[in-house]
Amino acid sequence: MFITRATRHDKADVKEFYAANEWHDADAGEGVTFLAREGQVAGCVRLIEIAPQKIIVEDVVVAAERRGQGLGRSLMQAAMNSRGGALYLCTHPETLGFYEKLGFTEMAFDDLIPEAQGYFTAHGDWPTRKGHDHRFMSAR
């Protein structure tokens, strides 16, 4: 298993991975994608710079058969170590603990920087749809 920054040659594999894992709203062309590969893609994460040193963590997905093996943590650490600055993400309540172990803390939407609020609003994460709970977190 190796983790690397995706190149333009990986774009089709990344799109196929997201589709196979029922992650249909990913835009593999926006930001910088990091992937874990063992022949096929086993996990991905994207970092999108919304302002200087202000980065959104998007589309963190690990293949179902690889979950619980530390791959998500390794993938996130590689992506986080590649960039400086503040990180922001939107997640669901069941994954808060995962991100807390990586140094993220939960925060209210109103406490996010304006650029992050704008990003999450434009991408449909806020306001949260009825019956769909989104939480916001930051690190560094």
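The next point concerns the nonpolar core. Core analysis: the biggest nonpolar cluster contains 22 residues, and F34, V45, V57, M76, L87, Y99 and F104 have the highest contact counts within it. Elements supplying a minimum of two residues to this core: β2 (32-38), β3 (40-51), β4 (54-62), α2 (71-82), β5 (86-91), α3 (96-100) and β7 (135-139). Counting residues per element, this core draws most heavily on α2, at five residues. Ignoring any residue separated from it by four or fewer positions in sequence, one finds F104 in contact with V57, M76, M80, L87, L89, Y99, M137, S138 and A139. One finds Y88, L112, I113 and Y119 within the second-largest nonpolar core, a separate group that totals 11 residues.

Bringing the sheet that holds β5 into the picture now. Strand order in the open sheet made by the seven strands is β1-β2-β3-β4-β5-β7-β6, with mixed pairing throughout. The open sheet terminates on both sides in strands that have one partner only, identified here as β1 (2-5) and β6 (105-107). Across the sheet, the mean angle separating the axes of adjacent strands is 30° when strand polarity is ignored. Pairing between β2 and β3: seven bridges, direction antiparallel. Paired with A36 across the strands is G43, a residue of β3. On the sheet, helix α1 (residues 11-20) packs against β2, β3 and β4 and is oriented at approximately 105° with respect to β3. Its contacts with the sheet place α2 against β1, β2, β3, β4 and β5, and it is angled at close to 35° to β3.

Rolled over the atoms, a probe sized like a water molecule indicates the empty space that remains. Taken as a whole, the largest pocket encloses approximately 1,100 Å³ of empty space. Every residue lining the largest pocket is counted, 36 residues in all, and those nearest its centre are W23, V60, V61, T91 and Y99. At the level of secondary structure, the elements contributing two or more residues to the lining of the largest pocket comprise β4, α2, β5 and α3. Grouping the amino acids of the lining of the largest pocket by side-chain chemistry returns 12 nonpolar, 11 polar and 13 charged.

With the rule as written, the count across this model stands at seven salt bridges. Across the pair E38 and R66 runs a salt bridge whose closest N-O atoms are separated by 2.9 Å. Of the two residues, E38 sits in strand β2 while R66 sits in the loop between β4 and α2, which places them 28 residues apart along the sequence. Close ionic contact of R135 with E106 constitutes a salt bridge, the shortest N to O distance being 3.2 Å.

Cut-offs and rules
Residues numbered from 1 in each chain as written. Predicted model: local features only at pLDDT ≥ 70, side-chain atom pairs only at ≥ 80, totals over all residues. Heavy atoms only, no water. Core = buried A, V, L, I, M, F, W, Y, C linked by side-chain atoms within 4.5 Å. Buried < 20%, exposed > 50% of the residue type's maximum accessible area, 1.4 Å probe, protein only. Helix = DSSP H or I, 4+ residues; strand = E, 2+ residues; numbered from the N terminus. Contact = heavy atoms within 4.5 Å. Pairing = 2+ DSSP bridges. Axes fitted to C-alpha atoms, helices over the stretch in contact; angles between N-to-C directions. 1 Å grid on protein atoms, 1.4 Å probe; cavity = no way out; pocket = protein on both sides within 12 Å on 5 of 7 lines; lining within 4 Å. Points joined across faces, edges and corners; volume = space filled by probe spheres on them. Nonpolar A, V, L, I, M, F, W, Y, C, P; charged D, E, K, R; others polar. Salt bridge = Lys/Arg side-chain N within 4 Å of Asp/Glu carboxyl O.

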